[in-house]
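In case you want the letters, here they are:
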Amino acid sequence: MEAMTPEDAVRVTDPLERAGVLSRLMAEHAGLLAEAAELRRAAVAEARAAGLSVAEIAGRLGVSPARVASMAGGPEPAVLVRRALPTDPAVRASTSLFLAEAERQGLEAGRRMLYVGPEPAAEHVAACLRVEPGAEVIARRKVMTVGGMPVRVATSYFRADLFGGTRLAEPGFVRPSLQSALVALGHSFGRAEETLTARPPVPSERETLELDPGEWVVQVLRAGYSTDDTPVHVLETICAATRHVFTVGQVPGHDEF
């Protein structure tokens, strides 16, 4: 019997039978991806043994040198950066939350803007901004690196009716900081809610973060509201799970052993 494909599976009329077929396909492909990752490690090691430098391999494969080192070195995380929750207000008010965190940890950090412009709001973003799913919002998306390896993708979302036509909708980084720009536009911070979700990455996240098969991400969603409860800023940070440690602080005097 020929192996079924996802296209074959969607034509199965019984929903539970279809779910079973898809579960088997997922399991089969997980094994294939793990085997491919091991073969890739061997290929990178062979190229190194043949005299190619890490930089040359990275250029041929279109990835960072740090990623090549991870490919050749096995499944251990190549970098480990700490992410504090809730964020220290002094860090959040800095030019860049990530750069300030990394500097405290002595890490060689960088960031690169990927996109600034309108896009339809996903359901979880729409709920935080109190707009309809699919409504146009302003997105500011960037990738963060440590030692040249991508570790996070952070996207700031803003309501188009509040921030369209402002400097938040313009390309490039906001100077001196995003927080100062929001204050200059008349918004005073009131409260924030943060949630963490561990999940498999979507294809674009896997590609941008250069994740190996089986690696997961941690999604940190932070919704910030002004003193009059207006949804001002939603920050979605997609973190490569194996490259992070999350520390969670407790409110002093309000806890028990």
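Everything quoted here is computed from the prediction, not taken from an experiment. (Residues numbered from 1 in each chain as written. Predicted model: local features only at pLDDT ≥ 70, side-chain atom pairs only at ≥ 80, totals over all residues. Heavy atoms only, no water.)

> Any chance you could break down the overall build of the protein for me, citing the residues and the numbers?
Looking only at helices and strands, the protein has 10 helices and eight strands in total. With 257 residues in all, the protein has 38% of them scored as buried. Accessible surface, the protein as shown: approximately 14400 Å² in total, 58% of it carbon and sulfur. (Helix = DSSP H or I, 4+ residues; strand = E, 2+ residues; numbered from the N terminus. Buried < 20%, exposed > 50% of the residue type's maximum accessible area, 1.4 Å probe, protein only. Areas by Shrake-Rupley, 256 points an atom, 1.4 Å probe, with all protein chains shown as cover.)

> Give me the lowdown on the side chain of Gln219, citing residues and values where you can.
Within the secondary structure layout, Gln219 lies in strand β6 (residues 217-226). Within the local environment of Gln219, its side chain forms a polar contact with the side chain of Arg199, the two groups lying 3.1 Å apart. (Polar contact = N/O pair within 3.5 Å; in protein donor to acceptor, adjacent residues only side chain to side chain.)

> Account for the pairing of strand β4 (residues 149-159), naming residues and giving values.
Of all the 11 residues making up β4, 11 are buried; the element is thus mostly covered by neighbouring parts of the structure. Of the pairings in the sheet, the one linking strand β3 (residues 136-146) to β4 comprises 10 bridges and is antiparallel in character. Directly across from Val143, in β4, lies its bridge partner Val153. As judged from the six bridges shared by β4 and strand β7 (residues 231-240), these two strands associate in the antiparallel manner. Bridge assignment links Arg152 to a residue of β7, and that residue is Cys239. (Pairing = 2+ DSSP bridges.)

> Now, about the confidence of the model for the protein: what can you tell me, with residues and values included?
Summary statistics for the protein give a mean pLDDT of 84 and a share of 89% for residues scoring 70 or more. The least confident element of the protein, judged by mean pLDDT, is helix α5 (residues 89-92) at 63; the most confident is helix α7 (residues 123-129) at 96. (pLDDT = per-residue confidence, 0-100.)

> Before we move on, could you go through the pattern of salt bridges and cite the residues and values that matter?
Tallying each qualifying case throughout the model produces nine salt bridges. Connected through shared salt-bridge partners, Arg130, Arg191, Glu193 and Asp229 make up one network. (Salt bridge = Lys/Arg side-chain N within 4 Å of Asp/Glu carboxyl O.)

> Help me get a handle on unusual backbone geometry, residues and values and all.
The amide bond that connects Arg175 to the next residue, Pro176, takes the cis arrangement and shows omega of 0 degrees. Tracing the backbone through its elements, the reader meets Pro176 in the loop between α8 (160-163) and α9 (178-184). For Glu210, which is not glycine, the phi dihedral falls at a positive 55 degrees. For Glu210, the location among the structural elements is in the loop between α10 (203-208) and β6. In this structure, Asp229 is a non-glycine residue whose phi angle is positive, near 70 degrees. The residue Asp229 is located in the loop between β6 and β7 in this model.

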